[in-house]
Amino acid sequence: MTNKPILEIRNLYAGVDDKEIIKNFNLTIHEGEVHAIMGPNGAGKSTLSHVLTGKPGYKILKGDVLFNNKNLLELSADERACEGLFLIMQYPVEIPGVSFMTFLKYALNAKRKYIGQSELDTMSFMKLVKNEAEKLGISQEMLKRAVNVGFSGGEKKRMETLQMALLKPSLAILDEADSGLDIDALKVVSGGIRGLLDGKRSLLIITHHQDLLEYIEPDFVHVFADGHIIKTGDKNLALELEAKGYTDFIKEAKC
Amino acid sequence: MAQKPEIEDLSGDKYKYGFTTDIETESAPKGLNEDIIRLISKKKNEPDWLLERRLKAYNHWLTMVEPSWAKLAYEKVNYQDLFYYAAPKQKVKPKSLDEVDPELLKTYDKLGIPLKEQEVLSGVAVDAVFDSVSVATTYRTKLKEKGIIFCSISEAVKEHSDLVQKYLGSVVPYTDNFFACLNSAVFTDGSFVYIPKGVRCPMELSTYFRINAQNTGQFERTLIIADEESYVSYLEGCTAPQRDENQLHAAIVEIVILKDAEVKYSTVQNWYPGDKEGKGGVYNFVTKRAACRGDNAKVSWTQVETGSAVTWKYPSCILQGNNSSGEFYSVAITNNFQQADTGTKMIHIGKNTTSRIISKGISAGHSNQTYRGLVKVSKGAVNSRNYSQCDSLLIGSTCGSHTVPYIENENRTAVLEHEATTSKISEEQLFYCLQRGLSEEQAVGLIVNGFCKEVMQKLPMEFAIEAAKLINISLEGSVG
């Protein structure tokens, strides 16, 4: 772990229409760190991941976000992705008629083009994908199927992990804000992601219970309420939170 | 003789005066009357029987009214304000690519059309055009060995008069509809194909070069005859944007398929669609029909329609022979102010006839699109089957999509299925692609290509790649 900051969020205020959801939010993530943001359902945790990745429909009211020293908020969603920000989606979307292989090729070449590399030829691309897919237990047959169409929850997460492996982001956000992943899917996604944490890549986990954190151990746990972080601690904070419940914990923290 | 003025016009400078003067001295260049038709026929050295047919069609056309049942709103054509004999609007041919509209060249680049072809497509007055003529000739010799005839309809009229006389107008009679009738009176050129009995055409036949090179394109006439047990795959490409303003394009394609024969007809249509405000663009009023005359005859229409300001087109199948089958695979994309009313007709006459319709419509901008299809099962068509699937995809909230299926069934043993869906590109789908680094345009292109996959797969390989690129280009600027 080094001291190089990857993501710096300062005084961020954001929301939908006139509704402020993120208020006075501050967070710094350094290279190689794993952070977890926990909070009750409906607190606006997903809003945070959407605002960071540039999903349309959100308003930035105030504040700065630096990503690898660049002003993140000035970049479009695709530019942010190419800069190395990856969102492991809570509910990966289906794209009928487009094979995963084609989709991966588009994604990888978009990134390569952005960072000034030439497009990969088909042979090298296939080899690369095959190699990464094998590590994650993804069959060739799955790669030929249309993007997420007819995939189980676990399979979808496996494919998200494959994309992360190929795109090599410097920061991945794992959004499980309010999904109820079954244990198998949880193991798949956490196992895959753990394998991708190389000491340089950072991870931001957004979740509402600590199940996930048993599989990926965070360096920092933040409690999110009222639009910002009300308390920060280590992994034990997650356990404390689990034991007390959000309502009591937040009440106490505010006192 | 007929070719002469065009060769002159390709050679450059002289065209401007020479050709126009030619027309002027012989008759008024604009407008339609019997004299113009006589002139066309004379210019082409046609036999009397064809002139008589043209005049008959013309006189019938005078009694007809332009159809207004389609969901299309356009300024009516002034038929007396048109040129009817190879009078291209382009005044002077560009001498090199430097003189060609750079926007046009950009589009060619995106389509991946090689430089040499770009020259041909833009009508540059260099020998490239002659090259394409010689390409056609090389093909022809190869095909001749198998007894296949592939030539212009004008040539066919002279050299294969018996075949043309027998089949021309036998699938689309001049009385068929207003635009077909007009075409029957004034058609200038087009393609003729004859595949002899038992012959499998060894290559895809294409009109791609010829139509562009000869700069016809307003009233083409295509006639394809597949004799017993023969097979041919035919490609019609209008992949070059045409920059003319509100040009009328009223073509006829007739296909005759005899016993045990099969014809595949693929079209990628990209006539100039008009500008972003809906100004200009081609009126594409086309009649295409195939007749499966013999038992076990098969026909398949595949079309990718991205161009034209207004499209009125229903490639149809007459399933006369027993066990004959017809297929219609269509992708139609409209953007900006384009309008398309398109679909097919499946006429089941023979026993055990089958038909399949897969239509994918994509509307964006302020465009309007209608699928209009007829499935008709006649009394004698026992055990006929049809499956129809019409899917519409909307991009944005200012476009329209409509599905009008007509079903007429006179036989109780028929099984007819119809499925229809309408969907939108969701913000979630778009964001998912963007989050993986794709640009918005790439994302829309990818999603739309996925939506059309079933149809795109029916296109010959090299055509499919071109068509996929074309889809992306057509939808540029449709989001955001």
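The preceding data block contains the structure.
The notes below deal with the structure included here.

1. What to know about the overall build of chain B
Here is step 1 of the chain: Scanning chain B from N- to C-terminus turns up 15 helices and 20 strands.
Here is step 2 of the chain: Sorting the 480 residues of chain B into buried and exposed places 60% on the buried side.
Here is step 3 of the chain: In chain B, of all internal contacts separated by at least 6 residues, the share reaching a separation of at least 24 is 84%.
Here is step 4 of the chain: Working note: accessible area of chain B is about 19400 Å², and carbon and sulfur atoms make up 51% of it.

2. A look at unusual backbone geometry
Residue and element names in this part refer to chain A.
Here is step 1 of the chain: If you check the backbone angles, Asp17 has positive phi at about 50° while not being a glycine.
Here is step 2 of the chain: With respect to the helices and strands, Asp17 occurs in the loop between strand 1 (5–16) and strand 2 (19–30).
Here is step 3 of the chain: A positive phi angle, near 45°, is found at Lys168, a position not held by glycine.
Here is step 4 of the chain: Turning to its location among the elements, Lys168 is positioned in the loop between helix 6 (153–167) and strand 9 (171–176).

3. Regarding the packing of aromatic side chains
Here is step 1 of the chain: Considering all chains together, one arrives at 19 aromatic pairs over all chains under this definition.
Here is step 2 of the chain: For the ring pair Tyr234 of chain B and Tyr265 of chain B, a centre distance of 5.1 Å and an interplane angle of 25° mean the geometry is stacked. Taken together, the residues Tyr234 of chain B in strand 5 (residues 231–238) and Tyr265 of chain B in strand 8 (residues 262–269) connect sequence positions 31 residues apart.
Here is step 3 of the chain: Three or more aromatic residues link up through ring pairs in this structure, and these residues are Tyr58, Trp61, Trp69, Tyr74, Tyr79, Phe178, Phe179, Tyr283, Phe285, Trp312 and Tyr314 of chain B.
Here is step 4 of the chain: It is Lys62 of chain A that lies over the ring of Tyr13 of chain A; its NZ or CZ is 4.7 Å from the centre.
Here is step 5 of the chain: It is Arg221 of chain B that lies over the ring of Phe187 of chain B; its NZ or CZ is 5.5 Å from the centre.

4. What about the pattern of salt bridges?
Here is step 1 of the chain: For the coordinates displayed, the defined rule picks out 24 salt bridges over all chains.
Here is step 2 of the chain: The closest approach of N and O atoms between Arg289 of chain B and Asp176 of chain B, which form a salt bridge, is 2.7 Å. Placement of Arg289 of chain B in strand 9 (residues 283–292) and of Asp176 of chain B in the loop between helix 9 (161–167) and helix 10 (178–186) is noted, with a sequence separation of 113 residues between them.
Here is step 3 of the chain: The buried category is assigned to Arg289 of chain B, whose relative accessible area is 9%.
Here is step 4 of the chain: Classification of Asp176 of chain B as partly exposed rests on a relative accessible area of 30%.
Here is step 5 of the chain: The partner of Arg385 of chain B in a salt bridge is Glu417 of chain B, and the shortest N-O contact between them spans 3.1 Å. Of this pair, Arg385 of chain B sits in strand 18 (residues 385–394) while Glu417 of chain B sits in strand 20 (residues 415–424), placing them 32 residues apart in sequence.
Here is step 6 of the chain: With relative accessibility at 32%, the residue Glu417 of chain B sits in the partly exposed group.
Here is step 7 of the chain: Among the charged side chains, a network of salt bridges with common partners joins Glu240, Lys244 and Glu252 of chain A.

5. Examining the interface of chain B and chain A
Here is step 1 of the chain: Contacts between the two partners involve 17 residues from chain B, matched on the other side by 29 residues from chain A.
Here is step 2 of the chain: Both faces considered, chain B and chain A share a buried interface measuring about 2100 Å² in area, 67% of it formed by carbon and sulfur atoms.
Here is step 3 of the chain: Three residues, Phe431, Tyr432 and Arg436 of chain B, lead the burial of chain B against chain A; their summed loss comes to 37% of the area buried on that side.
Here is step 4 of the chain: There are two salt bridges connecting chain B and chain A.
Here is step 5 of the chain: Here Arg436 of chain B and Glu160 of chain A are joined by a salt bridge, their closest N and O atoms 3.1 Å apart.

6. Comments concerning the packing of helix 12 (residues 427–435) of chain B against helix 13 (residues 440–451) of chain B
Helix packing geometry: the angle between the two helix axes and the distance between the axes.
All names here are of chain B.
Here is step 1 of the chain: Running from N to C, helix 12 and helix 13 cross one another at 125°; their axes reach a closest spacing of 9 Å. Of the possible angle classes, the one that applies to helix 12 and helix 13 is oblique. Both helix 12 and helix 13 take part in a crossing whose hand is right-handed. In this structure, helix 12 uses Gln429, Leu430, Cys433 and Leu434 to contact helix 13, whose residues at the interface are Glu440, Ala443, Val444 and Ile447.
Here is step 2 of the chain: Residue composition of the contact of helix 12 with helix 13, by class: six nonpolar, one polar and one charged.

7. Section: the sheet that holds strand 3 (residues 34–38) of chain A
Residue and element names in this part refer to chain A.
Here is step 1 of the chain: Within the open sheet, the six strands sit side by side as 6-9-10-3-11-12. Their pairing is mixed. Where the open sheet ends on each side, the last strands, each with one partner, are strand 6 (85–88) and strand 12 (228–233). Direction aside, neighbouring strands of the sheet carry axes that sit 20° apart on average.
Here is step 2 of the chain: Examined bridge by bridge, strand 3 and strand 10 (residues 202–207) share five bridges and lie parallel to one another. Opposite Val34, over in strand 10, you have Leu203 as the bridge partner.
Here is step 3 of the chain: Contacts from helix 1 (residues 45–53) reach strand 3, strand 6, strand 9, strand 10 and strand 11 (220–225), with the element oriented near 150° to strand 9.

8. Some details on the sheet that holds strand 1 of chain A
Residue and element names in this part refer to chain A.
Here is step 1 of the chain: Strands sit in the order 2-1-4-5 across an open sheet of four strands; the sheet is antiparallel. Every interior strand has two partners, whereas the edge strands, strand 2 and strand 5 (70–71), have only one.
Here is step 2 of the chain: Bridge count between strand 1 and strand 4 (residues 59–67): seven bridges; the pairing is antiparallel. Bridging from a neighbouring strand, Tyr13 pairs with Lys62 of strand 4.

9. Let's talk about helix 4 (residues 122–135) of chain A
All names here are of chain A.
Here is step 1 of the chain: Helix length check: helix 4 (14 residues) gives 20 Å between terminal C-alpha atoms against 20 Å at 1.5 Å per residue, within 8%.
Here is step 2 of the chain: Those residues of helix 4 not exposed but buried are Phe125, Val129, Glu132 and Ala133. Relative to the axis of helix 4, the buried residues are bounded by an arc of 100° and lie together on one face. In helix 4, those exposed residues whose orientation departs by more than 90 degrees from the buried face are Met123, Lys127, Glu134 and Lys135.
Here is step 3 of the chain: In the core, the buried residues of helix 4 are packed alongside helix 3 (100–114), helix 5 (140–144) and helix 6.
Here is step 4 of the chain: For helix 4, the capping residue at the N-terminal end is Asp121, with a side-chain oxygen 3.1 Å from the backbone nitrogen of Met123.

Calculation rules
Residues numbered from 1 in each chain as written. Chains lettered and ligands numbered in written order. Predicted model: local features only at pLDDT ≥ 70, side-chain atom pairs only at ≥ 80, totals over all residues. Heavy atoms only, no water. Helix = DSSP H or I, 4+ residues; strand = E, 2+ residues; numbered from the N terminus. Buried < 20%, exposed > 50% of the residue type's maximum accessible area, 1.4 Å probe, protein only. Contact = heavy atoms within 4.5 Å. Areas by Shrake-Rupley, 256 points an atom, 1.4 Å probe, with all protein chains shown as cover. Phe/Tyr/Trp six-rings, centres within 6.5 Å; stacked < 30°, edge-to-face > 60°. Lys NZ or Arg CZ within 6 Å of the ring centre and 35° of its normal. Salt bridge = Lys/Arg side-chain N within 4 Å of Asp/Glu carboxyl O. Buried area = accessible area lost by both parts, 1.4 Å probe. Axes fitted to C-alpha atoms, helices over the stretch in contact; angles between N-to-C directions. Parallel < 35°, antiparallel > 145°, perpendicular 65-115°, else oblique. Left-handed = near helix turned anticlockwise from the far one by under 90°. Nonpolar A, V, L, I, M, F, W, Y, C, P; charged D, E, K, R; others polar. Pairing = 2+ DSSP bridges. Expected span 1.5 Å × (residues − 1). Arc of directions from axis to C-beta. Polar contact = N/O pair within 3.5 Å; in protein donor to acceptor, adjacent residues only side chain to side chain.

Take it as geometry only, folks, not as evidence of what the structure does.
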